[in-house]
Number of protein chains: 2
Amino acid sequence: MEDRLVPNIVVGRLPLYLRTLQLMNQEGRRVTSSQELGERLGISAAQIRKDLSQFGEFGKQGTGYSIDYLTDQLRQILKVNKVWDVAVVGIGDVGHALARYQGFANRGFRIVLLFDNDPQKIGAKVGEFTINSIADVVKMVREADVQIAMLSVPVVYAQQVTNLLVEAGVKSILNYAPINIAVPAPVHVQYIDPVLHLQRMTYYLD
Amino acid sequence: MEDRLVPNIVVGRLPLYLRTLQLMNQEGRRVTSSQELGERLGISAAQIRKDLSQFGEFGKQGTGYSIDYLTDQLRQILKVNKVWDVAVVGIGDVGHALARYQGFANRGFRIVLLFDNDPQKIGAKVGEFTINSIADVVKMVREADVQIAMLSVPVVYAQQVTNLLVEAGVKSILNYAPINIAVPAPVHVQYIDPVLHLQRMTYYLD
């Protein structure tokens, strides 16, 4: 748990608000409300107002939120008003997909380094990137000052690769391996697990 | 938004509780508490107790929760005490990864059908599965009575494939394409979007 002023769970909802605002912007919209955001996201309008109020005053009673302004503010709060460099470790199916993913653009991230331990992959290219040897991960990640990594290695390698990433100075790890990994306190871990999403839908099935 | 007794956001937390309980079980644990669950998940103990109380009484004051019993109850509530058949549409990098994913076992899901529109892929095998033509998706999904699909097609195809899946009787779609899709009211959609996870970690970076 975070020992900070704003609860982790509130921080976790801000990217949802930001994505929805960016989609509204693409739709040519200019103004929205906590009610409309809430309907799109399945979160109560009161919760959204309470979450946002932790960071300041972003809207006026009766006139709602300027989509541009609130987008800018959320990008600042989440620190994605800059572009973060990201390393991908494990270039199997998921790693390939991440290296080619079009969804990072304009959202604060770009992949800069790929690693694998398979001699047949090392030196090969995925798009514009060359796959590097995992043997060089600590040196290369440290030199490039990369603070974010996506981990898409087999379960058996997940913890040892995590240890290397932490040693290299990585502060945030997005883990696709279906296993929990241990990290020291200042490092954050998030998990991508399709089953969590599937299970919240079966609740509604007969 | 769901017009049901239990808020969507509460349902969304139950799979997190279930996964944590199953990990505790693998660690050989027998009993836990809302405090311990909360610490592992970054959710307050009070929130966890309140969430669970919407479904019944699962623990005793002072003695905590039986991990086995609460696991069974959550599997029933989420309807994953059975195995659901799942179709995967779009067998690129992500689709391949899903078809081979080891994390579905014992969690309520198994993949049974794969589809793609690429003539070079149709008829090929991924593990034990043959890739079928998207032209047959409505017929095959309907005949197999598959209610859950994972969508890993390019953005430009996402909506038209969604329409086919809905026509075939699919009730839950897990969408990997970085675009919102429109579905009629009884169909549920969840999104896998790595950027949402990355952005909630950059908040904590300097």
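Attention in this report is confined to the structure presented alongside it. (Residues numbered from 1 in each chain as written. Chains lettered and ligands numbered in written order. Predicted model: local features only at pLDDT ≥ 70, side-chain atom pairs only at ≥ 80, totals over all residues. Heavy atoms only, no water.)

1. Considerations on helix H8 (residues 194-202) of chain B
An α-helical turn contains 3.6 residues, so any two residues separated by three or four positions project in the same direction. All names here are of chain B. Put simply, the test is: Exposed residues in this analysis have more than 50% of their type's maximum accessible area, buried residues have under 20%, and partly exposed residues fall in between, with area computed by a 1.4 Å probe over protein chains only. A run of DSSP states H or I qualifies as a helix once it reaches four residues; a run of E qualifies as a strand once it reaches two. Both are numbered from the N-terminal end. Polar contact criterion, stated in full: a pair of N or O atoms within 3.5 Å, where within protein one must be able to donate a hydrogen and the other to accept it, and residues adjacent in sequence count only if both atoms are side-chain atoms.
Burial analysis of H8 places 8 of its 9 residues in the buried class, which makes it a mostly covered element. Taken as a whole, H8 has its buried residues at Pro194, Val195, Leu196, His197, Leu198, Gln199, Met201 and Thr202. One side-chain oxygen of the residue at the start of H8 lies 3.0 Å from the amide nitrogen of Val195, identifying that residue as Asp193.

2. Side note on the sheet that holds strand S7 (residues 129-133) of chain A
Residues and elements named next belong to chain A. This is how it is decided: One requirement defines pairing of two strands: DSSP has to find at least two bridges between them.
Spatially, 7 strands are ordered S6-S7-S5-S4-S8-S9-S10 in an open sheet, and the strand pairing comes out mixed. Of all strands in the sheet, those bounded by a partner on one side alone are strand S6 (125-126) and strand S10 (188-191). With 4 bridges joining them, strand S4 (residues 84-89) and strand S8 (residues 148-151) adopt parallel strand pairing. Pairing of Ala87 across the sheet is with Ala149, part of S8.

3. Some thoughts on the layout of surface pockets
Defined as follows: Buried and open spaces are told apart on a 1 Å grid over the protein atoms alone, a cavity being a set of points where a 1.4 Å probe fits but cannot get out and a pocket being an open set with protein on both sides within 12 Å along at least five of seven lines. Residues with an atom within 4 Å of a point are the lining residues. Grid points are joined across faces, edges and corners, and a volume is the space filled by probe spheres set on the points. All residues other than Ala, Val, Leu, Ile, Met, Phe, Trp, Tyr, Cys, Pro, Asp, Glu, Lys and Arg, Gly among them, are scored as polar; the first ten of these are nonpolar and the last four charged.
Of the pockets and cavities examined, the second largest pocket occupies roughly 850 Å³. Every residue lining the second largest pocket is counted, 36 residues in all, and those nearest its centre are A:Asp93, A:Val94, A:Ser152, A:Val153 and A:Pro154. Breaking the lining of the second largest pocket down by element, the ones donating at least two residues are helix H5 (93-100) and helix H7 (155-167) of chain A together with helix H5 (93-100) of chain B. Residues belonging to the lining of the second largest pocket are distributed by class as follows: 25 nonpolar, 7 polar and 4 charged.

4. Considerations on the pattern of salt bridges
To be explicit about the condition: One side-chain nitrogen of Lys or Arg within 4 Å of one carboxyl oxygen of Asp or Glu is enough to make a salt bridge.
For the coordinates displayed, the defined rule picks out 16 salt bridges over all chains. Residue A:Asp116 pairs with A:Lys121 through a salt bridge whose shortest N-O separation is 3.8 Å. Judged by relative accessible area, which is 26%, A:Lys121 ranks as partly exposed. B:Arg107 is the partner of A:Asp193 in a salt bridge, and the nearest nitrogen-oxygen pair spans 2.9 Å. Here A:Asp193 is found in the loop between S10 and helix H8 (194-202), whereas its partner B:Arg107 is found in the loop between H5 and strand S5 (109-116) on a different chain. Here the two residues A:Asp193 and B:Arg107 agree in accessibility, since each one is buried.

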